[in-house]
Amino acid sequence: MGIEEFGGGQGPQSDVLVVTTNDVPGYHVQQVIGEVFGLTVRSRHLGSQIGAGLKSMIGGELRGLTKTLVETRNQAMERLVEQARARGGNAVLMMRFDVTEAADVGTEVCAYGTAVVLAPQS
């Protein structure tokens, strides 16, 4: 597995900028739209649970679970961007992830932040 399978974030062509900061240098917030989020819940299949259980006994990274979590976070972030775009935003400030177990059947991942309209500073 290459490093590209364990990374995330936006591609260079996205029309909605997502940052973890309060502001973006060279831009000002023209309008605050409000909170947006992207949510997904993923269950783990039996094979990965057994493999992870065996791997946890001998130690080491659980690569299959790592890859699944990366995919899940990316899906949550895509949904966050879709919601910001649908509400008229061109950026999401203060983006964060929240990860919790969902009733012992899977993992819930929520990407959230504040949708805004950014404009270049003049």
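Residues numbered from 1 in each chain as written. Predicted model: local features only at pLDDT ≥ 70, side-chain atom pairs only at ≥ 80, totals over all residues. Heavy atoms only, no water.

Participant: Sorry if this is basic, but what is going on with the sheet that holds strand 3 (residues 91-102) here?
Facilitator: Either a parallel or an antiparallel arrangement is found when strands of a sheet pair, and the pairing is made through backbone hydrogen bonds. The strand order 1-3-4-2 describes an open sheet built from four strands, whose pairing is mixed. Both edges of this open sheet fall to strand 1 (17-18) and strand 2 (27-43), since each of them pairs with a single strand only. In terms of strand pairing, strand 3 meets strand 4 (residues 106-120) through ten bridges, oriented antiparallel. By the bridge assignment, Ala102 is partnered in strand 4 with Gly106. (Pairing = 2+ DSSP bridges. Helix = DSSP H or I, 4+ residues; strand = E, 2+ residues; numbered from the N terminus.)

Participant: Help me understand the pairing of strand 3, please; the structure alone is not making it clear to me.
Facilitator: Note on strand geometry: in a regular strand, side chains alternate between the two faces of the sheet. Looking at chain direction, strand 1 and strand 3 are connected through two bridges and run parallel. From the neighbouring strand, Leu17 faces strand 3, where its bridge partner is Ala91. In this antiparallel pair of consecutive strands, strand 3 and strand 4, the connection spans three residues, and Ala103 shows a positive phi of 50 degrees.

Participant: Help me out: how do you make sense of the nonpolar core in this one?
Facilitator: Across soluble globular proteins, you tend to see nonpolar side chains buried next to one another. In terms of nonpolar packing, the biggest core is built from 15 residues, with Val18, Val36, Leu80, Ala84, Val92 and Met95 touching the most fellow members. Ranked by the residues each element gives to this core, the list is headed by helix 2 (residues 63-86), at five residues. Those residues in contact with Leu80, other than ones at most four positions away along the chain, are Val18, Val36, Phe37, Gly38, Val92, Met95, Ala111, Tyr112 and Gly113. With six residues, the next largest nonpolar core counts Val19, Ala91, Leu93 and Leu118 among its residues. (Core = buried A, V, L, I, M, F, W, Y, C linked by side-chain atoms within 4.5 Å. Buried < 20%, exposed > 50% of the residue type's maximum accessible area, 1.4 Å probe, protein only. Contact = heavy atoms within 4.5 Å.)

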